[in-house]
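Observations on the three-dimensional arrangement
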Amino acid sequence: MNEPILEVNHLKKYFKVGRKAELKAVDDVSFAIRSGETLGLVGESGCGKTTCGRTCIGMYEKTGGSVLYKGKDVHVEKKQHPLALSKDVQMIFQDPYASLNPRMTVGDIIAEGIDVHGLAANSKDRKEQIMELLNLVGLNKEHANRFAHEFSGGQRQRIGIARALAVDPRFILCDEPISALDVSIQAQIVNLLVKLQRERGLTYLFIAHDLSMVKHISHRVGVMYLGALAEIGPSRELYRKPLHPYTQALLSAVPVADPKVEKSREIIVLDGEVPSPINPPEGCRFRDRCKLAMPICSEITPKLKEVAPDHSVACHLYN
Ligand SMILES: Nc1ncnc2c1ncn2[C@@H]1O[C@H](COP(=O)(O)OP(=O)(O)O)[C@@H](O)[C@H]1O
Ligand SMILES: [Mg+2]
């Protein structure tokens, strides 16, 4: 088993809202990602996935806890060696429309990192690198001189991937890179990311709310609810035998390919709404919506606990 490349320990990220209140977007989250692995991070909109991902790579200051990248504190590195960190750690954004500068040519967008890090010996070398990157992501040479708005969503996301790869990073935060794309295009982008990972030994933190797609790309999956991890485990096991009542509910909404299983699939409908992260419930955050809640759930916050090899759940049912 590979060494962890990213180690997240009791990470907290609170936002100040109004004069006094704090919004606990990420509240005591711990996990590790091994080199060459993809960790999928799923959960409903607003549960803190983006904030968690961005705090993990030092884009956001943290409120508490720590993140180690290759053994070094990300937030210290971000201040002391920002260039070195951005050479290693890149990001692919959710919105391929908003994340590409409309006034720059595709070639210049892709070469941003090459320029910042001085990775091209001369303009010929720079051009060659751009061509190679376009080819790598399934675009062609002629695309270099065009502008992002001339491209489809899937092609724009390919441009975003080429831009991230230009500096030959080791770790990529993929924040819902396929959510804005047509379903038919989603698989193409996922396949491209998988291929690139294999060829280049990349590590991904892959954020998604679509559970069916994340299954195909992730080696392990973490499920977030209201700023905290409810469950984390090997992808296949988590999908076959979800432990947390929240994971069970999320998965029950995903259609299954096997028609027999699909026919007997029962959708678990959750009562109520996600509570506010400004005033999360005491004890277990999920308890108000949990059909299996017990008295202890309103008193003690369940800690993430390993209940099977590499499979942890934060739920009093498993104590
Ligand atoms: N810059 C910010 N200032 C204040 N609140 C924020 C900020 N960014 C995110 N939030 C809040 O933090 C919570 C988590 O948001 P986010 O990380 O974007 O969730 P997700 O990516 O899972 O949809 C939400 O309640 C959101 O409104
Ligand atoms: Mg998000």
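Everything here concerns the structure above.
Here's what I pulled together on the structure shown here. (Residues numbered from 1 in each chain as written. Chains lettered and ligands numbered in written order. Predicted model: local features only at pLDDT ≥ 70, side-chain atom pairs only at ≥ 80, totals over all residues. Heavy atoms only, no water.)

Time to look at unusual backbone geometry. Even without a glycine there, the phi angle at H10 is positive, about 50 degrees. Tracing the chain through its elements places H10 in strand β1 (residues 4-17). The residue D28 is not glycine, and still its phi comes out positive at about 70 degrees. Examined against the element boundaries, D28 turns out to sit in strand β2 (residues 21-34). What makes D28 partly exposed here is its relative accessible area of 40%. (Helix = DSSP H or I, 4+ residues; strand = E, 2+ residues; numbered from the N terminus. Buried < 20%, exposed > 50% of the residue type's maximum accessible area, 1.4 Å probe, protein only.)

Per the counting criterion, the structure on display carries zero disulfides. In this model C47 remains outside any disulfide bridge; the closest cysteine sulfur is found in C52, 9.1 Å from its own. On the basis of relative accessible area, C47 is assigned to the buried category, the value being 5%. (Disulfide = S-S within 2.5 Å.)

Taken together, F15, L23, A25, E44, S45, G46, C47, G48, K49, T50, T51 and P277 are the residues near ligand 1. One nitrogen or oxygen atom from the side chain of T50 is found 2.8 Å from an oxygen atom belonging to ligand 1. Surface burial for ligand 1 is 65%, taken as the share of its 560 Å² of free accessible area covered by protein chains. Mapped onto the shell around ligand 1, the elements with two or more residues apiece are β2 and α1 (49-56). Considering every element that reaches the shell around ligand 1, the biggest residue donor is α1, with three residues. (Near = heavy atom within 4 Å. Polar contact = N/O pair within 3.5 Å; in protein donor to acceptor, adjacent residues only side chain to side chain. Areas by Shrake-Rupley, 256 points an atom, 1.4 Å probe, with all protein chains shown as cover.)

Before going further, it helps to examine the packing of aromatic side chains. Overall, the coordinates contain five aromatic pairs when judged by the stated rule. In this structure an aromatic cluster arises from ring pairing among Y225, Y246 and F286. (Phe/Tyr/Trp six-rings, centres within 6.5 Å; stacked < 30°, edge-to-face > 60°.)

A few words on helix α7 (residues 183-200). Taking 1.5 Å as the rise per residue, α7 with 18 residues should run 26 Å; its terminal C-alpha atoms sit 26 Å apart, in good agreement. Listing the buried residues of α7 in full gives Q186, I189, V190, L192, L193, V194, L196 and Q197. On its buried side, α7 packs onto β3 (38-42), β6 (89-92), α5 (123-136), α6 (153-165), β8 (203-208) and α8 (211-217). Two residues or fewer past α7, G201 is found with a positive phi of approximately 65 degrees. (Expected span 1.5 Å × (residues − 1). Contact = heavy atoms within 4.5 Å.)

Time to look at the pairing of strand β9 (residues 220-225). Taking burial as the measure, the six residues of β9 include six buried ones, the bulk of the element. The two faces of β9 match: R220, G222 and M224 on one face and V221, V223 and Y225 on the other face are all buried. As defined by bridge partners, β3 adjoins β9 across four bridges and the pair is classed as parallel. If you follow L41 over to β9, its bridge partner there is G222. Alignment of β9 against strand β10 (residues 228-234), held across six bridges, turns out to be antiparallel. Counterpart to G222 in the pairing with β10 is I232. From the end of β9 to the start of β10, which pair antiparallel, there are two residues, and L226 there has a positive phi angle of about 50 degrees. (Pairing = 2+ DSSP bridges.)

This part is about the pairing of β8. Counting buried positions along β8 gives six out of six residues, so the element sits mostly inside the fold. Two elements, β3 and β8, share five bridges in a ladder whose sense is parallel. In the sheet register, G40 faces β8, and the bridge partner there is F206. Once the chain exits strand β7 (residues 171-175) it traverses α7 before rejoining the sheet at β8, and the crossover so formed is right-handed. (Right-handed = clockwise from strand over helix to strand, strands pointing away.)

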